[in-house]
Amino acid sequence: MTTILTSTPSIQSSTPNAPQGDDTAAQISRIMKKISELTQQLKDIPNSSASVEEKKKQQELIQAQIKVLQAQLAQLQRKQAEEAQQKQQSQEVKATDNNSAASQYQIDIYI
């Protein structure tokens, strides 16, 4: 009888003071790697010597873990997109502020 036990730990940053953008990207990378590993385990189930019932349980367990990871991945990707949008808006505001400051000192000369 072969039993495969896996767990899906919560993906947390090991450095609490890390920049959010890098932290999010690192979490996305770790989740994608874990999904890849679980997918490979899923592919290997038919070749195991476990009973049909055990194979089915293993398959269901792995599929459930993949779904959880996919949900976490989607959440992190949304967060990353929001951060990128906020950064872009911040840059646009700075550009607008710079243009406003420059136009404040503009003098019209008529000849």
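The structure displayed is predicted, hence computed values, not measured ones. (Residues numbered from 1 in each chain as written. Predicted model: local features only at pLDDT ≥ 70, side-chain atom pairs only at ≥ 80, totals over all residues. Heavy atoms only, no water.)

Colleague: Is there a simple way to think about a nonpolar patch on the surface in this case?
Modeller: Residues I107, I109 and I111 make up a contiguous nonpolar surface patch of roughly 470 Å² in combined accessible area. Its place among the elements puts I109 in the segment after helix 2 (52-104). (Patch = residues over 30% accessible without salt bridge, like charges linked within 9 Å, V, L, I, M, F, W, Y side chains within 5 Å. Areas by Shrake-Rupley, 256 points an atom, 1.4 Å probe, with all protein chains shown as cover. Salt bridge = Lys/Arg side-chain N within 4 Å of Asp/Glu carboxyl O. Helix = DSSP H or I, 4+ residues; strand = E, 2+ residues; numbered from the N terminus.)

Colleague: How should the nonpolar core be read in this particular structure?
Modeller: Considering soluble globular proteins, one finds that nonpolar side chains tend to be buried as a cluster. Ranked by size, the top nonpolar core spans 10 residues in total: I28, I31, I35, L38, I45, I62, I66, L69, L73 and L76. Going through the elements one at a time, helix 1 (20-44) and helix 2 are the ones with two or more residues in this core. Sequence-distant contacts of L76, that is, excluding residues within four places in its chain, are made with T24, Q27, I28 and I31. (Core = buried A, V, L, I, M, F, W, Y, C linked by side-chain atoms within 4.5 Å. Buried < 20%, exposed > 50% of the residue type's maximum accessible area, 1.4 Å probe, protein only. Contact = heavy atoms within 4.5 Å.)

Colleague: Quick question: what am I supposed to make of the pattern of salt bridges here?
Modeller: It is possible for side chains of opposite charge to pair when their charged atoms get near one another. Counted by the stated rule, this structure contains one salt bridge. Close ionic contact of K57 with E53 constitutes a salt bridge, the shortest N to O distance being 3.6 Å. Of this pair, K57 and E53 are both found in helix 2, four residues apart, which corresponds to roughly one turn of the helix. Here K57 falls in the exposed class, since its relative accessible area comes to 52%. The class for E53 is exposed, based on a relative accessible area of 54%.

Colleague: Any chance you could explain the confidence of the model for the protein chain here in plain terms?
Modeller: A low pLDDT means the predicted coordinates there should not be read in detail. In this model, the protein chain carries an average pLDDT of 81, and 71% of its residues clear a pLDDT of 70 or more. Across residues 8-19, confidence stays below pLDDT 50; counting only partners more than four residues off in sequence or on other chains, it has 12 contacts. (pLDDT = per-residue confidence, 0-100.)

Colleague: Explain the environment of S29 here, please?
Modeller: Here S29 is to be found in helix 1. Along the primary structure S29 and L73 are separated by 44 residues, whereas in three dimensions their C-alpha atoms are 9.1 Å apart.

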